[in-house]
Amino acid sequence: MPQPDTAPLVIFDLDGTLVDTSPDLVASLNHTITAEGLEPVTYEDLTHLVGQGVHMMIRRAYAMHERDLDDATLARLFDRFMAFYLDTMPGDSHPYPGVVEALDRLAGAGMKLAVCTNKIESLTFPLLEKLGLGGRFAAITGGDTYAFRKPDARHILGTIEKAGGTPARSIMIGDSVNDIAAAQNAAIRSIAVPFGYSDVPVETLGADRIITHFDELTPALIEDLLN
Ligand SMILES: O=C(O)COP(=O)(O)O
Ligand SMILES: [Mg+2]
């Protein structure tokens, strides 16, 4: 049984929650697909493309343009995307307003922090490092850390275990259906943010709370949701 005084663990999604990566995701994807003669995607398209990693983003861009994509081309385009994204990282990507202050506030109150993202580790780790956020988390898990990823509950449960937390004292914060469904599947509390890349209104996701700015993310809110 978890002890009631176990430190809360606050788990963050990355793309569209902690960091606005949209300028660089769009630029890297367009660098990749326009070389194959496809029209560039727009920022509005991004909400339908992100969420399940780079391979899926390329696949969805091809599907959007009604173009076939064989496995060998996908592998080549993945390498092209990775090279460009890593080379230009962090580019224009930046933490959302109030993120750093919120992380300071929660850590200052003795809470643990973690990242659970479907972005693969080889992109997640350098991005967090380059933005100066890397050292703040008890655990960082990516879309390829396990053989499963959000919305699979085991991605969140694995993150909690790695961070030394307990499900009953953990809360997931994310921008998309993957995050809130994963939290529900893991039977933990969740908070949704409306400024990320959801393709549906976040009000429809069934999160326990919606915050519109990180200023609202306080130790008192976390304790309130966990009680
Ligand atoms: O990179 C993706 O496709 C999604 O990443 P996220 O889980 O951090 O939103
Ligand atoms: Mg996200």
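Residues numbered from 1 in each chain as written. Chains lettered and ligands numbered in written order. Predicted model: local features only at pLDDT ≥ 70, side-chain atom pairs only at ≥ 80, totals over all residues. Heavy atoms only, no water.

- Looking at an unreviewed UniProt entry, one finds the protein named Phosphoglycolate phosphatase, with Ectorhizobium quercum as its source organism.
- The protein has a UniProt comment under Cofactor (unreviewed entry) that states "Mg(2+)".
- Recorded in UniProt for the protein, the comment headed Sequence similarities (unreviewed entry) runs: "Belongs to the HAD-like hydrolase superfamily. CbbY/CbbZ/Gph/YieH family." (UniProt positions renumbered as here; feature names shortened; annotations may be inferred.)

1. A few points about the domain arrangement of the protein
Alright, step 1. The assigned domain composition of the protein is domain 1 (9-20 + 93-226) and domain 2 (22-88).
Alright, step 2. Across the contact, 18 residues belong to domain 1 and 15 residues belong to domain 2.
Alright, step 3. Summed over both sides, the interface between domain 1 and domain 2 buries roughly 1300 Å², with carbon and sulfur atoms accounting for 53% of that surface.
Alright, step 4. Counting every contact that joins domain 1 to domain 2 gives 0 salt bridges.
Alright, step 5. In terms of residues, the side of domain 1 that touches domain 2 owes the most to one element, helix H6 (residues 121-130), which gives 5 residues.
Alright, step 6. Among the residues forming the side of domain 1 that touches domain 2, the class breakdown is 6 nonpolar, 5 polar and 7 charged. (Domains from an automatic or database assignment. Contact = heavy atoms within 4.5 Å. Buried area = accessible area lost by both parts, 1.4 Å probe. Salt bridge = Lys/Arg side-chain N within 4 Å of Asp/Glu carboxyl O. Helix = DSSP H or I, 4+ residues; strand = E, 2+ residues; numbered from the N terminus. Nonpolar A, V, L, I, M, F, W, Y, C, P; charged D, E, K, R; others polar.)

2. Side note on the sheet that holds strand S6 (residues 170-174)
Alright, step 1. Spatially, the 6 strands line up as an open sheet ordered S5-S4-S1-S6-S7-S8, and their pairing is parallel. Each edge of the open sheet carries a strand with a single partner, namely strand S5 (139-141) and strand S8 (209-210).
Alright, step 2. Across the sheet, helix H9 (residues 219-226) lies against strand S1 (9-12), S6, strand S7 (189-192) and S8, angled at about 135 degrees from S7, the strand it touches most. (Pairing = 2+ DSSP bridges. Axes fitted to C-alpha atoms, helices over the stretch in contact; angles between N-to-C directions.)

3. Focus: helix H5 (residues 99-108)
Alright, step 1. The complete set of buried residues in H5 reads Val99, Ala102, Leu103 and Leu106. An end-on view of H5 places all buried positions within 100 degrees of arc, on one side of the element.
Alright, step 2. The inward-facing, buried residues of H5 abut S1, strand S3 (94-95), strand S4 (112-116) and H9.
Alright, step 3. Of the residues trailing H5, Gly110 is marked for its positive phi of about 85 degrees. (Buried < 20%, exposed > 50% of the residue type's maximum accessible area, 1.4 Å probe, protein only. Arc of directions from axis to C-beta.)

4. Some details on the pairing of S4
Each regular strand shows side chains that alternate between the opposite faces of the sheet.
Alright, step 1. Summarising burial for S4: 4 of the 5 residues are buried, a large majority.
Alright, step 2. Examined bridge by bridge, S4 and S5 share 3 bridges and lie parallel to one another. By the bridge assignment, Val115 is partnered in S5 with Ile140.
Alright, step 3. Following the chain from S4 across H6 to the adjacent parallel S5, one finds a crossover that is right-handed. (Right-handed = clockwise from strand over helix to strand, strands pointing away.)

5. Points about the coordination of the magnesium ion (ligand 2)
Alright, step 1. Bound to the magnesium ion (ligand 2) are the protein donor atoms Asp13 (OD), Asp15 (O) and Asp175 (OD), situated 2.1 to 2.2 Å from the metal.
Alright, step 2. Positions of the donor residues of the magnesium ion (ligand 2) along the chain correspond to the pattern D-x1-D-x159-D. Residue Asp15 is located in the loop between S1 and strand S2 (19-20), and its partner Asp175 is located in the loop between S6 and helix H8 (177-185); the two are separated by 160 residues in the primary sequence.
Alright, step 3. Asp175 sits in the buried class, given a relative accessible area of 4%. (Donors = N, O, S within 2.8 Å, 3.2 Å for Na, K, Ca; no water.)

6. Here we look at the nonpolar core
Alright, step 1. Counting 55 residues, the largest nonpolar core has Phe12, Phe137 and Leu217 as the members making the most contacts within it.
Alright, step 2. Counting residues per element, this core draws most heavily on helix H4 (residues 71-88), which supplies 6 residues.
Alright, step 3. Looking at which domains feed residues into this core, each of domain 1 (9-20 + 93-226) and domain 2 (22-88) gives three or more.
Alright, step 4. The contact partners of Leu217, leaving out residues within four places of it in the chain, are Phe12, Ala102, Arg105, Leu106, Ile173, Ile191, Ile211 and Ile222.
Alright, step 5. Judged by nonpolar contacts, the second largest core, of 14 residues, contains Leu9, Cys116, Ile156 and Ala163. (Core = buried A, V, L, I, M, F, W, Y, C linked by side-chain atoms within 4.5 Å.)

7. Some points on the UniProt feature "active site" (unreviewed entry) in the protein
Alright, step 1. In this numbering, the UniProt entry assigns the feature "active site" (unreviewed entry) to Asp13.
Alright, step 2. Assignment of secondary structure puts Asp13 in the loop between S1 and S2.
Alright, step 3. According to the relative accessible area criterion, Asp13 is buried, its value standing at 5%.
Alright, step 4. With residues up to four places along the chain from it excluded, the contact list for Asp13 reads Leu18, Cys116, Thr117, Lys150, Met172, Ile173, Gly174, Asp175 and Asp179.

8. Concerning the UniProt feature "binding site: Mg(2+)" (unreviewed entry) in the protein
Alright, step 1. According to UniProt, the "binding site: Mg(2+)" (unreviewed entry) feature falls on Asp13, Asp15 and Asp175. The named residues occupy 163 residues along the chain; their greatest pairwise C-alpha distance, 8.2 Å, places them in one compact cluster.
Alright, step 2. At a separation of 2.8 Å, a polar atom in the side chain of Asp13 contacts the side chain of Thr17.
Alright, step 3. Once you skip the residues sitting within four places of it in the chain, Asp175 turns out to touch Asp13, Asp15, Gly16, Thr17, Val193, Gly196, Tyr197, Ser198, Val202 and Leu205. (Polar contact = N/O pair within 3.5 Å; in protein donor to acceptor, adjacent residues only side chain to side chain.)

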